Amino acid sequence: MAATRGALVDAVGALPEAVNPLALSLNECPFAPLPAVRSAMAASFDVVNRYPEFLPERLRSLIAAHVGLSDDQVVIGIGATGVIMQVLHAVTSPGDTMVMSAPTFDGYPIFAHMARLRPVTVPLDVHGHHDLDAMADAAADARVVVVCRPHNPTGTVEPAADVERFLARVPADTVVVLDEAYVEFLSPDHRIDAAGLVARFGNLVVVRTFSKAYGLAGLRIGYGFCAPELARTLWAMQLPFGIPVSGLVAVAASYDAESQLRQRIRVIAAERRYLRMRLRALGVYSTDGHANFVYLPEAARGWRDVFDRAGLQVRHYADGGVRITVGGRPSTRAVLRAVIAATD
């Protein structure tokens, strides 16, 4: 075992971030895959000498059945990022406009650059929420507009009624990407009927991933769903042989073990509440987040120096805010020690 661990360190230069309690920048799940998922993946190793399906039809059917949609409404990507790039390649041309919030998920400006789009950013409001009215105004001249729910990096959630009003205002020829990468962390009262919205708005694509709550970030499996007509356009961008068999069996095993998955989500949510409570007791404000991270927007505190001195890997933003992944209790203690040291 020691030799294997040493070989891994030599191969990648350092231990994987998932085993490092100070690595809190990528919103990874702090737990190893569920036992049933690990067993299923191990069994799939016997067929790695064979190509996977040319197109991921079986995974598409599995996800469609789980979400409650028809197969022809689902597309598969190499992570949620892969799905978003499929959308951009399918519906945009160089020079088109892509609207997003600021701050937002780091990937969106990169994707816009890769697709040769013109990014237009709309600042969040003072509470870390989307300004949906301003985004709808900007969408009038855009080809694509992206809304995160829960938002990355603030973790905030727009009310379902506000999202519906926003969708009603966006032109029918502007594609709306509703990024639900963290949807599994939402409590039932914050969930939105995404399948129902897709039935009503033919320009809406809902994007999800198995990288966050499901803890399968290393397998790079994402999916999107939308109206059948739009899905046919996106499916034409499906990468052949793009999803390994291990991805298919991991998703199937994850669905079979959903009760265990929900328990893990409850543990992460409880740790998030604990971290926010302790930070609040120290006089540190965080946004009302509903994902597996907390966001500290108080730029004047100089968060970069605070966390860099403690050796913590967190995500910093241009406005001085910082996003901290919720890990296990050792990670939480490390965050709190860094904040306390900065206030002594």
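For the structure itself, look to the data block above.
Keep in mind that this is a model prediction, so the values were computed, not measured.

Rules and cut-offs
- Residues numbered from 1 in each chain as written.
- Predicted model: local features only at pLDDT ≥ 70, side-chain atom pairs only at ≥ 80, totals over all residues.
- Heavy atoms only, no water.
- Salt bridge = Lys/Arg side-chain N within 4 Å of Asp/Glu carboxyl O.
- Helix = DSSP H or I, 4+ residues; strand = E, 2+ residues; numbered from the N terminus.
- Buried < 20%, exposed > 50% of the residue type's maximum accessible area, 1.4 Å probe, protein only.
- Right-handed = clockwise from strand over helix to strand, strands pointing away.
- Pairing = 2+ DSSP bridges.
- Phe/Tyr/Trp six-rings, centres within 6.5 Å; stacked < 30°, edge-to-face > 60°.
- Lys NZ or Arg CZ within 6 Å of the ring centre and 35° of its normal.

Visitor: Please clarify how the pattern of salt bridges should be interpreted in this entry.
Guide: This structure, assessed with the given rule, holds 11 salt bridges. In this structure, the salt-bridge partner of Asp-288 is Arg-276, at a minimum N-O distance of 3.5 Å. Taken together, the residues span a long stretch of sequence, with Asp-288 in the loop between α11 (258–281) and β8 (293–296) and Arg-276 in helix α11 at a distance of 12 residues. You can call Arg-276 buried: its relative accessible area is 18%. Bridged by salt links that share partners, the residues Asp-133, Asp-137 and Arg-169 form one connected network.

Visitor: For this particular structure, what's the right way to read the pairing of strand β6 (residues 204–209)?
Guide: Two faces make up the sheet, and in a regular strand the side chains alternate between them. Taken across its six residues, β6 has six buried, putting it largely inside the fold. Taking every second residue as pointing to the same face, both faces of β6 are buried, with Leu-204, Val-206 and Arg-208 on one and Val-205, Val-207 and Thr-209 on the other. Since strand β5 (residues 175–179) and β6 lie parallel, the crossover through helix α8 (residues 194–200) that links them has a hand, and here it is right-handed. The pairing of β6 with strand β7 (residues 222–226) spans five bridges and is classified as antiparallel. Along β7, the bridge assignment pairs Thr-209 with Gly-222.

Visitor: Can you help me understand the packing of aromatic side chains in this one?
Guide: To describe a pair of aromatic rings, one takes the distance between the centres and the angle between the planes. The full count for this structure, using the stated rule, is 13 aromatic pairs. Ring plane angle 25° and centroid distance 6.5 Å describe the contact between Tyr-223 and Phe-225, whose orientation is recorded as stacked. You'll find Tyr-223 and Phe-225 in the same group, each marked buried. Plain terms: the ring middles of Tyr-295 and Tyr-317 are 5.9 Å apart, the flat faces sit at 70° to each other, and that makes the pair edge-to-face. Highlighted residues: Tyr-295 in strand β8 and Tyr-317 in the loop between β9 (315–316) and β10 (322–325), separated in sequence by 22 residues. We note that Tyr-295, like Tyr-317, is buried. If you follow Arg-315 out to its NZ or CZ, it ends over the ring of Tyr-317, 4.4 Å from the centre. Over the ring of Phe-293 we find Arg-323, and its NZ or CZ is 5.9 Å from the ring centre.

In short, shape yes, function no, at least from these values alone.
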